[in-house]
Amino acid sequence: MTKEEAKALKKASKQKIKVDFERTNAWERFKLKYLTWTFIKKVLWFLLRFLLLLGIAYVILYPFISKIFGSFMSRQDLVDVSVKLIPKYPNLDIYTAILEENKYWEAFTNTFILSLVTATIQTFICAVVGYGFAKFKFKGNSLMFGCVMLAMIVPPRTLTLAFINFFKDFKIFGLIPVGENVNLLNTYWPFLLLCIGALYFKNGLYVFMLRQFYKGVPDELEEAAYIDGSGVFKTFIRIILPLSVPMMITVFIFSFAWQWTDTFYSGLFFTNQGNYLITQIVKVPGSLADSTFVAQGLYNNCITNTCGLLIILPLILIYCFCQKYIVQGIERSGIVG
């Protein structure tokens, strides 16, 4: 039998099956399509996955939903036993008191500037360091990269005393005893110097992510640039950086988010009340404190939860707009080679 005859026979067989199927009545078609073990297994598997995901979503989202509804509760709702989740007398008293008495906008501005500057410096410095580890071979490369990995697992609190002593009596020329010592505490200089030196919070993780990304960039791109007369720095700025924009956005968002919610370095370097940051708004405003209110403890919990919501709200907005870049950056930072 030739190929043409085989194709014609196969086509005729399909047409016969289709005609036979159309000739059957509606009940027969229903049984053939839905009353089969394969279809039943698909339905059961779909229901199982749906119920499992619904349960997981409930466990994860319920605490946030309860905090959101609790932020609108009044004192009457807290003493009303019929109120479980949705308030009967919602108001904005908690939000108004936090924004005005806890100086939310001042803390927001200070934290935004600090987070933006540190995240920008961290992203660029870590890109330079990661590119050097990925593309340049020199003695001690593996040892130095091992030190970077070690920085990922060393708890920052073990360096508390060293940081305080270093920045409290900071020497302009490092260890060389030239010039007067300067106290850099209660300024932004400790944050900037640590970022510039690639020693700041989570820098080891960022260097690792960018190094893994740059290892996947073909060497032919750099070789072509070198042939055209570009130097190392020009090649890095004009060719490598544009390629690494999704990865750098991911690192920037991570750095911004960690600095936004940081309490360790902020509490370490800012020892007075002059530098008001977003994490310091978590307190009960004086206008909402009432020692005679029987449910004041529950009301204080609602206030604290509302402060937490106002702290993480900017991060949620950033994630909503930048989640595409975060996913792309994580995908491209996989281990290569």
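Because the structure is predicted, anything quoted here is derived from the model rather than measured.

> Give a description of the packing of helix α6 (residues 104-135) against helix α13 (residues 245-260) that names residues and reports values.
Packing of α6 against α13 leaves a shortest axis separation of 8 Å and a crossing angle of 140 degrees. Classified by the angle their axes make, α6 and α13 are oblique. With respect to the hand of their crossing, α6 and α13 are arranged in right-handed fashion. Across from F108, T111, F112, L114, S115, L116, T118, A119, T120, Q122, T123 and A127 in α6, the residues of α13 making contact are M248, V251, F252, S255, F256, Q259 and W260. Of the residues in the contact of α6 with α13, the class split is 11 nonpolar, eight polar and no charged.

> Explain the environment of V207 to me, and be specific about the residues and the numbers.
Relative to the elements of secondary structure, V207 occurs in helix α10 (residues 203-215). Taking the relative accessible area as the measure of exposure, V207 reaches 3% and is therefore buried. In sequence terms V207 and G130 are 77 residues apart; their C-alpha atoms lie 4.9 Å from each other. When sequence neighbours within four positions are dropped, the list of residues in contact with V207 reads C126, V129, G130, F133 and V148.

> Break down the packing of aromatic side chains for me, with residues and values.
Scanning the model with the defined rule gives 35 aromatic pairs in all. Consider the rings of F133 and F145, whose centres lie 5.4 Å apart with planes at 65 degrees: the pair is edge-to-face. With a gap of 12 residues between them, F133 in helix α6 and F145 in helix α7 (residues 141-153) connect regions that are remote in the sequence. Residue placement shows R75 over the ring face of F293; its charged tip is 5.2 Å from the ring centre. One Lys or Arg, K103, reaches over the ring of Y276 and ends 4.8 Å from the middle of that ring.

> Outline the side chain of K135, listing residues and values.
Of note, K135 is situated in helix α6. Engagement of the side chain of K135 in a polar contact is seen with the backbone oxygen of V217, the distance being 2.5 Å. A polar atom in the side chain of K135 sits 2.8 Å from the side chain of D219. Beyond its immediate stretch of four places on either side in the chain, K135 contacts Y214, K215, V217, P218, D219 and E222.

> Can you lay out unusual backbone geometry for me, pointing to particular residues and giving the numbers?
Only a minority of non-glycine residues have a phi that is not negative, and only a minority of peptide bonds are not trans. With a phi angle near 65 degrees, N186 is a residue other than glycine that sits in the positive phi range. Within the fold, N186 resides in the loop between α8 (160-168) and α9 (189-196). With a phi angle near 55 degrees, A198 is a residue other than glycine that sits in the positive phi range. In this structure, A198 sits in the loop between α9 and α10. Residue class for A198 comes out partly exposed when judged on its relative accessible area of 22%.

Cut-offs and rules
- Residues numbered from 1 in each chain as written.
- Predicted model: local features only at pLDDT ≥ 70, side-chain atom pairs only at ≥ 80, totals over all residues.
- Heavy atoms only, no water.
- Axes fitted to C-alpha atoms, helices over the stretch in contact; angles between N-to-C directions.
- Helix = DSSP H or I, 4+ residues; strand = E, 2+ residues; numbered from the N terminus.
- Parallel < 35°, antiparallel > 145°, perpendicular 65-115°, else oblique.
- Left-handed = near helix turned anticlockwise from the far one by under 90°.
- Contact = heavy atoms within 4.5 Å.
- Nonpolar A, V, L, I, M, F, W, Y, C, P; charged D, E, K, R; others polar.
- Buried < 20%, exposed > 50% of the residue type's maximum accessible area, 1.4 Å probe, protein only.
- Phe/Tyr/Trp six-rings, centres within 6.5 Å; stacked < 30°, edge-to-face > 60°.
- Lys NZ or Arg CZ within 6 Å of the ring centre and 35° of its normal.
- Polar contact = N/O pair within 3.5 Å; in protein donor to acceptor, adjacent residues only side chain to side chain.

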